[in-house]
Amino acid sequence: MDYMIIGLVFVVSQAVVAIVYITMNRRNVLAKQQQDQLGTQLAEIKNRMDSIERVLKTVD
């Protein structure tokens, strides 16, 4: 009987560890995707600012 309880506690603890690991991994993946999107948006904004700067220089 004691071995069953010990085994059950072990299995439950392993399941909790696996769930925490999967959750953290998913958060890391989502954070990486958001970081990539922000980098892309930043590059687009920089390109627009460069083109606006070129237009302003030609107007002068």
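For the structure itself, look to the data block above.
Residues numbered from 1 in each chain as written. Predicted model: local features only at pLDDT ≥ 70, side-chain atom pairs only at ≥ 80, totals over all residues. Heavy atoms only, no water.

1. Notes on the overall build of the protein
For clarity, the cut-off: A helix here means a DSSP run of H or I that spans at least four residues, while a strand means a run of E at least two residues long, and both kinds are numbered starting from the N terminus. Using C-alpha atoms as the atom set, the radius of gyration is obtained and then compared with a globule rule of 2.2 Å times the number of residues to the power 0.38. Exposure categories follow from relative accessible area, calculated using a 1.4 Å probe and restricted to protein chains: below 20% of the type maximum is buried, above 50% is exposed, and the middle band is partly exposed.
Scanning the protein from N- to C-terminus turns up 1 helix and 0 strands. In summary, the protein has a C-alpha radius of gyration of 26 Å against a globular reference of 10 Å for 60 residues, an excess of more than 25%. Taking the principal axes of the C-alpha coordinates as reference, the protein spans close to 90 × 10 × 5 Å. Each of the 60 residues in the protein was classed as buried or not, and the buried ones make up 0%.

2. Describing the pattern of salt bridges
As a working rule, side chains carrying opposite charge can pair if their charged atoms are close by. Put simply, the rule is: Any carboxyl oxygen of Asp or Glu that lies within 4 Å of a side-chain nitrogen of Lys or Arg is treated as forming a salt bridge with it.
Here the structure, examined in full by the defined rule, presents 3 salt bridges. In this structure, Asp50 engages Lys46 in a salt bridge whose closest nitrogen and oxygen atoms are separated by 3.3 Å. On the criterion of helical spacing, the pair formed by Asp50 and Lys46 is a turn pair, its members being 4 residues apart in helix 1 (residues 2–59). Residue classification places Asp50 among the partly exposed positions, given a relative accessible area of 29%. Residue Lys57 pairs with Glu53 through a salt bridge whose shortest N-O separation is 3.8 Å. Remark: Glu53 and Lys57 occur in helix 1; sequence separation between them is 4 residues, near one turn of the helix. In this structure Lys57 comes out as exposed when scored by relative accessible area, which is 59%. Exposure remark for Glu53: the relative accessible area of 42% places this residue in the partly exposed category.

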